[in-house]
Amino acid sequence: MTGTRIAALGHYQPAKVLTNDDLAALVDTSDAWISSRVGIRTRHIAGPEEPVDELAAHAAGKALAAAGLGPADIDLVLVATSTAIDRSPNTAARVAARLGMGSPATMDLNVVCAGFTHALATADHALRAGAARRALVIGADKMTEVADWTDRTTCVLVGDGAGAAVVEATDDDQEPGIGPVLWGSVPEMGNAVRIEGTPPRFAQEGQSVYRWATQRLPALAREVCERSGITPEDLAGVVLHQANLRIIEPLAAKIGAVNAVVARDVVDSGNTSAASIPLALAKLVERGELPSGSRALLFGFGGNLSYAGQIVRVP
């Protein structure tokens, strides 16, 4: 069995920006209320002519370019999303068509906010088993399309975007760049985060998710480190699902990652669900805040209530 690594990253967000002041003109809220409760200042909004697969394809194209690869070099496309409107063709197939790929396997994974880390683990397993040689792993969501714009507790949270990683198999003499996954769920809390109904609408029990994340997640994150044979002090970066700054900052401290750069992309992007982790990671790498070869913790959590995390080497 070989190992795997992230060869390159890419990200994409729509041009339109919605500020807290803009939202205050739509619902009973204010910049001070939003900033103090969730830490969000702005979010990017896709238009009706920008479907999820287009966001995903933009991010994937950037990741391919950063890796020095072409569409024909990919034989597996995994897209984590919970906001694709159509059931078939799936988002991964549409991304492959947009990029002019040959004959990759194409699959969507719906694990909501933990989707990207689930998809990354799935690609890692497929490559280690020899089922593929190179994969595109994409997190993409258009949360504004499922937002209830009359509900001030949820519409202020969401944004749109996509992040992508090129994942490739490594030779036997190379150190693996993607560590063992820790994943699971809390079935009795499955309704804590929902996108349901006709038309589908996003809703959540925010306090329940907050309590679970702050109480349970630190121990789970430390277990992820143990599975990769490192301590939290060894981490150069911590990239949690970008749900709420009030969750992210205390959790990083409780994990014990005292030397790590903590992703805070939620401030500028809002909650982009499956896109949030690859978006935040790609931006940290692009800005040079995480050195190549350093180790970062990725940990997604949210809908179902599902979670998944792993340690990765920064490309």
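Given the structure is predicted, the values throughout are model-derived calculations rather than measurements.

Peer 1: What's the story with the packing of helix α3 (residues 52-67) against helix α4 (residues 91-99) in this structure? I'm lost.
Peer 2: Working note: a packed helix pair is described by the angle between its axes plus the distance between those axes. Close contact between α3 and α4 brings their axes to 9 Å; oriented N to C, the two are set at 55°. Classified by the angle between their axes, α3 and α4 sit oblique to one another. α4 is crossed by α3, and the crossing has right-handed handedness. On the side of α3, the interface is formed by V52, D53, E54, A56, A57, A60, G61 and L64, while α4 contributes T91, R94, V95, R98 and L99. Tallied by class, the residues present in the contact of α3 with α4 amount to seven nonpolar, two polar and four charged.

Peer 1: Would you explain the sheet that holds strand β8 (residues 182-185) in this entry?
Peer 2: Pairing between the strands of a sheet comes from backbone hydrogen bonds, and it takes one of two forms, parallel or antiparallel. Taken in spatial order, the five strands of this open sheet run β8-β14-β13-β11-β12, and their pairing is mixed. The sheet is open, and its two edges are formed by β8 and β12 (261-262), each paired on a single side. Where β8 and strand β14 (residues 306-313) come together, four bridges link them in antiparallel fashion. Considered in β14, the bridge of G184 is made with Y307. Against the sheet, helix α5 (residues 115-128) engages β8, β13 (295-301) and β14, with an angle of about 60° to β14. Most of the contacts of helix α7 (residues 245-255) go to strand β11 (residues 237-240), to which it runs at about 135°, and overall it touches β11, β12 and β13.

Peer 1: Looking at this structure, how should I read the side chain of N271?
Peer 2: As for its placement among the helices and strands, N271 is situated in the loop between α8 (266-269) and α9 (276-286). Here the side chain of N271 touches S273 through a polar contact of 2.9 Å, landing on its backbone nitrogen. Every residue in contact with N271, bar those within four places of it in the chain, is listed here: I40, C113, M143, L157, V158, G159, H241, Q242, A243 and V266.

Peer 1: What am I meant to see in the pattern of salt bridges here?
Peer 2: When the charged atoms of two side chains with opposite charge come close together, those side chains can pair. If you walk through the whole model with that rule in mind, you get 15 salt bridges. Across the pair R5 and E168 runs a salt bridge, and its minimum N-O distance is 2.6 Å. Within this pair, whereas R5 is found in strand β1 (residues 3-12), its partner E168 is found in strand β7 (residues 160-170), the two being separated by 163 residues in sequence. R5 sits in the partly exposed class, given a relative accessible area of 32%. The exposure class of E168 is buried, given its relative accessible area of 13%.

Peer 1: Sorry if this is basic, but what is going on with α4 here?
Peer 2: Given 3.6 residues to a turn, an α-helix orients residues that are three or four positions apart in the same direction. Every buried residue of α4 is listed here: T91, A92, V95, A96 and L99. The arc enclosing the buried residues of α4, seen along the axis, measures out at 140°, which places them on a common side. In this structure, the buried side of α4 is in contact with α3, β4 (76-80), β5 (105-109) and β6 (134-142). Taken from the residues just after α4, G100 is the one with a positive phi, measuring 70°.

Peer 1: Looking at this model, I keep getting lost on the sheet that holds β5. Mind explaining?
Peer 2: Across the sheet, which stays open at both edges, the five strands sit in the order β1-β7-β6-β4-β5 with mixed pairing between neighbours. In the strand order of this sheet, the two ends are held by β1 and β5, each with one partner. Strand-to-strand twist of the sheet, defined as the mean angle between neighbouring strand axes without regard to direction, takes the value 20°. Here nine bridges tie β1 to β7, and the two strands are oriented antiparallel to one another. In the sheet register, Y12 faces β7, and the bridge partner there is A162. On the sheet, α4 packs against β4, β5 and β6 and is oriented at approximately 135° with respect to β5.

Rules of the game
Residues numbered from 1 in each chain as written. Predicted model: local features only at pLDDT ≥ 70, side-chain atom pairs only at ≥ 80, totals over all residues. Heavy atoms only, no water. Axes fitted to C-alpha atoms, helices over the stretch in contact; angles between N-to-C directions. Helix = DSSP H or I, 4+ residues; strand = E, 2+ residues; numbered from the N terminus. Parallel < 35°, antiparallel > 145°, perpendicular 65-115°, else oblique. Left-handed = near helix turned anticlockwise from the far one by under 90°. Contact = heavy atoms within 4.5 Å. Nonpolar A, V, L, I, M, F, W, Y, C, P; charged D, E, K, R; others polar. Pairing = 2+ DSSP bridges. Polar contact = N/O pair within 3.5 Å; in protein donor to acceptor, adjacent residues only side chain to side chain. Salt bridge = Lys/Arg side-chain N within 4 Å of Asp/Glu carboxyl O. Buried < 20%, exposed > 50% of the residue type's maximum accessible area, 1.4 Å probe, protein only. Arc of directions from axis to C-beta.

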